[in-house]
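What follows is each chain in one-letter form.
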Protein chains: 2
Amino acid sequence: MTTSRELHRKWMKDPKYAKAYTDLAPEFAVARAVIEARVLAGLTQEELAERMDTTQSSIARLESGRARPSTDTLERLAVATGTNLKISFTSKHS
Amino acid sequence: MTTSRELHRKWMKDPKYAKAYTDLAPEFAVARAVIEARVLAGLTQEELAERMDTTQSSIARLESGRARPSTDTLERLAVATGTNLKISFTSKHS
DNA sequence: TTTCTTCATACCATATATGCTATAAAATGA
DNA sequence: TCATTTTATAGCATATATGGTATGAAGAAA
């Protein structure tokens, strides 16, 4: 069986994936989550864009960290990747 | 007088109703997280608004479910309530 | 080299989120 | 009841996110 962890290890060999996953600053956590959701779904930016009824450039913008996406966009991305969007405010001390 | 809003508030005390409600309306799950973060921080809408450098009416709009807030707004709310914002796309099958 | 694929980026028009003001409703306490 | 605080909502101006288009870079494979 292939777990997401194994897939992650495999994809970490991809320089772009590895850079996206490890080098991005904390404030780009959303961008990282977007990249991970798309890659785990096995989609290219163009394919994801089609499912979200938008364009490849918009997806690239999301993944670059230059965007502050709305929850509407995030929810559409969740539908397109077959995932559930989770948003929470967690305590810093527990 | 019994309004639908009052009925909703009453029924939201039922966990099953609450879950079904938020599952069908993702934007209200965000609204609920916002309300929870503010109340746990012990803040009024006005006090939270001041910390976020915005207005009470904007907070009310966030909590009403009528908004699709940007991640910028959510980040500022996390800072104002002393929490960490977590956004993730979780698998539906695990 | 060329071709193809994928991703990144710039620019602009438009849709939407946000801030602001005012007001009203609702809750809270006396 | 009354007074006060807190929250909800409407209208509007503006800031920002998004869609669309075009273009270019990097890599893979021939």
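So, how was this worked out
Residues numbered from 1 in each chain as written. Chains lettered and ligands numbered in written order. Predicted model: local features only at pLDDT ≥ 70, side-chain atom pairs only at ≥ 80, totals over all residues. Heavy atoms only, no water. Helix = DSSP H or I, 4+ residues; strand = E, 2+ residues; numbered from the N terminus. Buried < 20%, exposed > 50% of the residue type's maximum accessible area, 1.4 Å probe, protein only. Contact = heavy atoms within 4.5 Å. Areas by Shrake-Rupley, 256 points an atom, 1.4 Å probe, with all protein chains shown as cover. Near = heavy atom within 4 Å. Polar contact = N/O pair within 3.5 Å; in protein donor to acceptor, adjacent residues only side chain to side chain. Nonpolar A, V, L, I, M, F, W, Y, C, P; charged D, E, K, R; others polar. Core = buried A, V, L, I, M, F, W, Y, C linked by side-chain atoms within 4.5 Å. Axes fitted to C-alpha atoms, helices over the stretch in contact; angles between N-to-C directions. Parallel < 35°, antiparallel > 145°, perpendicular 65-115°, else oblique. Left-handed = near helix turned anticlockwise from the far one by under 90°. Salt bridge = Lys/Arg side-chain N within 4 Å of Asp/Glu carboxyl O.

**Quick notes on the overall build of chain A**
- The helix and strand inventory of chain A stands at 6 helices and 1 strand.
- Start at the N end of chain A and walk to the C end: the helices and strands fall as α-α-α-α-α-α-β.
- Here chain A holds 94 residues, and the buried ones make up 35% of them.
- For chain A, the proportion of contacts with a sequence separation of at least 24, taken over those separated by at least 6, is 41%.
- Summing over all exposed atoms, chain A offers an accessible surface of approximately 5900 Å²; the carbon and sulfur share of this is 49%.

**A few points about the protein's contact with DNA strand C**
- Near DNA strand C there are 18 residues, and of these A:Q45, B:T54, B:S70, B:T73 and B:R76 occur at the shortest range.
- Close to the protein, within 4 Å, the atoms of DNA strand C belong to sugar or phosphate groups at a rate of 54%.
- Between A:Q56 and DNA strand C, the recorded distance is 3.0 Å, taken from a side-chain N or O atom to a base nitrogen.
- Between DNA strand C and B:R61, the relevant distance is 2.8 Å, taken from a base nitrogen to a side-chain nitrogen or oxygen of the residue.
- When contributions to the surface near DNA strand C are tallied by element, the ones reaching two or more residues are α5 (56-64) of chain A together with α5 (56-64) and α6 (71-81) of chain B.
- Along the lines of polarity and charge, the residues of the surface near DNA strand C split into 2 nonpolar, 10 polar and 6 charged.

**Some thoughts on the nonpolar core**
- Ranked by size, the top nonpolar core spans 35 residues in total, and within it A:L77, A:F89, B:L77 and B:F89 carry the most contacts.
- Each residue touching B:L77, except ones within four places of it in the same chain, is listed here: A:F89, B:V34, B:A37, B:L48, B:M52 and B:L62.

**Some words on unusual backbone geometry**
- Backbone geometry at A:D53 places phi at a positive 60°, although glycine is not the residue there.
- As for its placement among the helices and strands, A:D53 is situated in the loop between α4 (45-51) and α5.

**Some thoughts on the packing of helix α3 (residues 29-40) of chain A against helix α6 (residues 71-81) of chain A**
Residue and element names in this part refer to chain A.
- Running from N to C, α3 and α6 cross one another at 20°; their axes reach a closest spacing of 10 Å. Compared by their axis directions, α3 and α6 come out roughly parallel. The two elements α3 and α6 meet at a crossing, and its hand is left-handed. Along its contact with α3, which presents V30, V34, A37 and R38, the element α6 presents L74, L77 and T81.

**A word on the pattern of salt bridges**
- Scanning all chains against the criterion turns up 6 salt bridges over all chains.
- Measuring nitrogen to oxygen at the nearest pair gives 3.5 Å for the salt bridge that ties A:R76 to A:D72. Of this pair, A:R76 and A:D72 are both found in helix α6, 4 residues apart, which corresponds to roughly one turn of the helix.
- A cluster of three or more residues bridged by salt bridges with shared partners is formed by A:R68, B:D72 and B:R76.

**Re the side chain of B:T81**
- With respect to the helices, strands and loops of the structure, B:T81 is situated in helix α6.
- What makes B:T81 buried here is its relative accessible area of 10%.

**Considerations on the environment of A:S57**
Residue and element names in this part refer to chain A.
- For S57, the location among the structural elements is in helix α5.
- Take S57: its relative accessible area is 47%, and that puts it in the partly exposed class.
- Spatially, the C-alpha atoms of S57 and E46 are 8.5 Å apart, while their sequence positions differ by 11 residues.

By themselves, these figures tell us nothing about what the structure is for.
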